[in-house]
Amino acid sequence: MANHQLLSLATAIAAIIATVSAASYNVYSFGAKPDGRTDSTKAFMAAWSSACGSTMPATVYVPKGRFMVGGLQFSGPCKNGAITLRIDGTLVAPANYFVLANADYWVMFHGVQGVTIVGGTLDAQGAGLWACKSSGSRNCPNGATSLAISNSNDVIVYGLSSVNSQMFHIVVNGCRNVKVLGVNVVAPSTSPNTDGIHVQLSTGVTILNSKIGTGDDCVSIGPGATNLWIEGVACGPGHGISIGSLGKDLNEEGVSNVTVKRVSFTGTENGLRIKSWARPSNGFVNGVLFQNAIMTNVQNPIVIDQHYCPGSKNCPDQASGVRISNVKYEDVHGTSATKVAVKFDCSKQYPCRGITMQDVNLSFKNEFQASSYCVNAGGTTSGVMKPTSCF
Ligand SMILES: *[C@@H]1O[C@H](CO)[C@@H](O)[C@H](O)[C@H]1NC(C)=O
Ligand SMILES: *[C@@H]1O[C@H](CO)[C@@H](O)[C@H](O)[C@H]1NC(C)=O
């Protein structure tokens, strides 16, 4: 389905939900002010409490305008299993980043079931914090993730925009059955740690028809992500779609059954990446399908890097314990911004096993100059294979 169809479907569904729901709570009537300055946190929380306490399906409605809100924690369990947060306006974070400071999250849904978030913009005004971080000052707070869905089931995020997050834009953590559809993520390529969508310790997450341009990973996939489906995502600028970093800890949940299809990368640092720390770990990656990816001027279109050790601290010369197996690349084509278009740099302790490549056609300047690089990696190829395989 095309994005506009998806969005009109979303709008139609939201309208239906709004009409059938017995309860609708407009943040405006709880005292929220659409002036971009007045702190509306209490009004939003009061509207949520009413919706969550309703025994019938309920809607929290945010009209047009800019609403300044501090940390919003929308917690369950609720008395009904069908709450819609419908946003026509923009939520704006406090301009002073010390207000959210080290709160990990700005807008958070925790322990909820059956929540749909439709439309709206989250503007975290991250620029001040990024400037603080890049000035090398040690007094900068970490900053907050703009939207977190945690320990929740059956959540849908439709047609939301997230701009200029302080840290990650959207995080899905400890969830089952979450759909993120038609979202638009925007931050400059220079903004630090602004991952688009991060998924971990969750099963049955779908990310569909979205556009993500940011300063860090487009989508990052952490430990314990299983049955993950990513389709129709356009990335750039940013660091690409990354499974990892994994294996930072000795005991870690594995990543399995991940599908990434119909994706494009434009001017990104990486395309399809798997990354692990060079440290002992019982983590793993098993069963990944990368299918139908278009690369345009991507620095590392296909990369597995198991030697991640920033600053060479606490891991030099160690082998990664993360076992990587059954990874398939199918129909990946376009241009690499560097000569090495395919790089498999795997663990000497646990070489990558069962990599399959089918119809890969990546060029650097002209199609003969790209090369591939393998260390401790084994697999098979079929169909077109450019650059020539290094298995
Ligand atoms: C893999 O995940 C997809 C959803 O992404 C799911 O439909 C499928 O059943 C899963 N396969 C297995 C073997 O669990
Ligand atoms: C590989 O891609 C190049 C550039 O798009 C194209 O000219 C060439 O025909 C492709 N090769 C194959 C075998 O598909």
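Along each chain, numbering runs from 1 in the same order as the chain's sequence is written. For this description, chains carry letters from A and ligands carry numbers from 1, given in the order in which they are written. Since the coordinates come from a predicted model, pLDDT governs what is reported: local features require at least 70, and pairs of side-chain atoms require 80 or more to be given and counted, while whole-chain, interface and lining totals use all residues. Side-chain measures here rest on the full set of heavy atoms in the structure, leaving out hydrogens and waters.

- The protein is annotated in an unreviewed UniProt entry as Polygalacturonase of Mikania micrantha.
- Within the UniProt record for the protein, the comment given under Sequence similarities (unreviewed entry) is "Belongs to the glycosyl hydrolase 28 family."
- UniProt positions are given in the numbering used here, feature names are shortened, and annotations may be inferred rather than shown by experiment. The heading Subcellular location (unreviewed entry) in the UniProt record of the protein holds the text "Secreted, Cell wall".

1. A look at the pattern of salt bridges
Item 1. For this analysis, a salt bridge means a side-chain nitrogen from Lys or Arg found within 4 Å of a carboxyl oxygen belonging to Asp or Glu. Within this structure, the stated rule accounts for 5 salt bridges.
Item 2. Between Asp-123 and Arg-66 there is a salt bridge, with its nearest N and O atoms 3.4 Å apart. Here Asp-123 is found in strand β10 (residues 121-123), whereas its partner Arg-66 is found in strand β4 (residues 66-68), with 57 residues between them in sequence.
Item 3. Notably, a salt bridge pairs Arg-262 with Glu-231, separated by 3.2 Å at the nearest N-O pair. Note on conventions: DSSP H or I runs of at least 4 residues are helices, E runs of at least 2 residues are strands, and numbering of each starts at the N terminus.

2. A closer look at the packing of aromatic side chains
Item 1. The rule is short: rings of Phe, Tyr and Trp, with Trp giving its six-membered ring, pair when the centres are within 6.5 Å, and they are stacked under 30 degrees, edge-to-face over 60, tilted in between. A complete count under the given rule lists 10 aromatic pairs for this structure.
Item 2. For the ring pair Phe-290 and Tyr-329, a centre distance of 5.1 Å and an interplane angle of 25° mean the geometry is stacked. Remark: Tyr-329 occurs in strand β26 (residues 323-336) and Phe-290 occurs in strand β24 (residues 284-298); sequence separation between them is 39 residues.
Item 3. The buried category is assigned to Phe-290, whose relative accessible area is 1%.
Item 4. Each residue in the set Phe-290, Tyr-329, Phe-344 and Phe-391 is aromatic and connected to the rest through ring pairs, giving one cluster.
Item 5. We count a charge as sitting over a ring when the NZ of a lysine or the CZ of an arginine lies within 6 Å of the ring centre and within 35 degrees of the ring normal. The residue whose ring lies beneath Lys-275 is Tyr-308, and the NZ or CZ to ring-centre distance is 3.8 Å.
Item 6. Lying over the aromatic face of Tyr-373, Lys-343 brings its terminal NZ or CZ to 5.9 Å of the ring centre. For each residue, the accessible area found with a 1.4 Å probe, counting protein chains only, is set against the maximum for its type, and the residue is called buried under 20%, exposed over 50%, and partly exposed in between.

3. What to know about the domain arrangement of the protein
Often, the extent of an interface is quoted as the loss of accessible area upon association of its parts.
Item 1. Segmentation into domains, and thus their bounds, comes from an automatic or database assignment. Examined at the domain level, the protein breaks down into domain 1 (28-215) and domain 2 (217-391).
Item 2. Here the C-alpha centroids of domain 1 and domain 2 sit 29 Å apart.
Item 3. In this description, contact between two residues means that some pair of their heavy atoms is separated by no more than 4.5 Å. Across the contact, 23 residues belong to domain 1 and 25 residues belong to domain 2.
Item 4. Summed over both partners, the accessible surface that disappears when two parts come together, traced with a 1.4 Å probe, is what is meant by buried area. Summed over both partners, the interface of domain 1 with domain 2 buries about 1700 Å², with 45% contributed by carbon and sulfur atoms.
Item 5. Here domain 1 is connected to domain 2 by 0 salt bridges.
Item 6. A 3.5 Å cut-off defines polar contacts: any pair of N or O atoms within that distance qualifies, except that in protein one atom must be a possible hydrogen donor and the other a possible acceptor, and neighbouring residues in sequence count only when both atoms are side-chain atoms. Inspection of the region where domain 1 meets domain 2 yields 27 residue pairs in polar contact (both at pLDDT 80 or more).

4. A few points about the environment of Gly-213
Item 1. Note on placement: Gly-213 falls in strand β18 (residues 202-213).
Item 2. For the pair formed by Gly-213 and Thr-194, sequence separation is 19 residues and the distance between their alpha carbons is 9.8 Å.
Item 3. Those residues in contact with Gly-213, other than ones at most four positions away along the chain, are Val-185, Val-186, Ala-187, Gly-236 and Pro-237.

5. Quick notes on the sheet that holds strand β29 (residues 371-375)
Item 1. Spatially, the 11 strands line up as an open sheet ordered β5-β8-β11-β14-β17-β19-β21-β23-β25-β27-β29, and their pairing is parallel. Lying at the two open borders of the sheet, with one neighbouring strand each, are β5 (72-75) and β29. Pairwise comparison of adjacent strand axes, ignoring direction, gives a mean angle of 15° for this sheet.
Item 2. Running at roughly 5° to β5, helix α2 (residues 41-53) makes contact with β5 and β8 (105-110) of the sheet. Strand pairing is assigned whenever DSSP detects at least two bridges linking the two strands. The axes are straight lines fitted to the C-alpha atoms, using for helices just the contacting stretch, and the angles between their N-to-C directions are given from 0 to 180°.

6. Some remarks on the state of the cysteines
Two cysteines joined by a covalent bond between their sulfur atoms form a disulfide.
Item 1. Pairs of cysteine sulfur atoms within 2.5 Å are identified as disulfides in what follows. Summed over all chains, the structure comprises 6 disulfides.
Item 2. Linked covalently through their sulfurs, Cys-132 and Cys-140 form a disulfide whose S-S length is 2.0 Å. Disulfide Cys-132-Cys-140: torsion about the S-S bond near -95°, hence left-handed.
Item 3. The buried category is assigned to Cys-140, whose relative accessible area is 17%.
Item 4. With its sulfur 2.1 Å from that of its partner, Cys-309 forms a disulfide with Cys-315. Linking Cys-309 and Cys-315, the disulfide has an S-S dihedral of approximately 110° and is accordingly described as right-handed.
Item 5. On the basis of relative accessibility, which here comes to 15%, the residue Cys-309 falls in the buried class.
Item 6. Counting only the cysteines that take part in disulfides, in the order they occur along the protein, gives the pairing 1-2, 3-4, 5-6, 7-8, 9-10, 11-12.

7. Some details on α2
Two residues of an α-helix separated by three or four positions point the same way, owing to the 3.6 residues in each turn.
Item 1. Expected span, for any helix, means 1.5 Å times one less than how many residues it has. For α2, spanning 13 residues, the distance from its first C-alpha to its last is 18 Å, which sits close to the expected 18 Å at 1.5 Å a residue.
Item 2. What α2 keeps buried is the set Thr-41, Ala-43, Phe-44, Ala-47, Trp-48, Ala-51 and Cys-52. End-on, the buried residues of α2 take up no more than an arc of 170°, which puts them together on one face. Throughout, the arc means that of the directions going from the helix axis to the C-beta atoms.

8. As for the UniProt feature "active site" (unreviewed entry) in the protein
Item 1. Feature annotation in UniProt places "active site" (unreviewed entry) on His-239, given in this structure's numbering.
Item 2. Secondary-structure assignment places His-239 in the loop between β20 (225-235) and β21 (241-246).
Item 3. Within the structure, the side chain of His-239 is placed 3.2 Å from the backbone oxygen of Gly-215, a separation counted as a polar contact.

9. Regarding the environment of Pro-280
Item 1. Along the chain, the position of Pro-280 falls in the loop between β23 (270-277) and β24.
Item 2. The spatial distance from the C-alpha of Pro-280 to the C-alpha of Gly-114 is 39 Å, given a sequence separation of 166 residues.
Item 3. If sequence neighbours within four positions are ignored, Pro-280 has contacts with Gly-247, Asp-249, Leu-250, Gln-318, Ala-319 and Gly-321.

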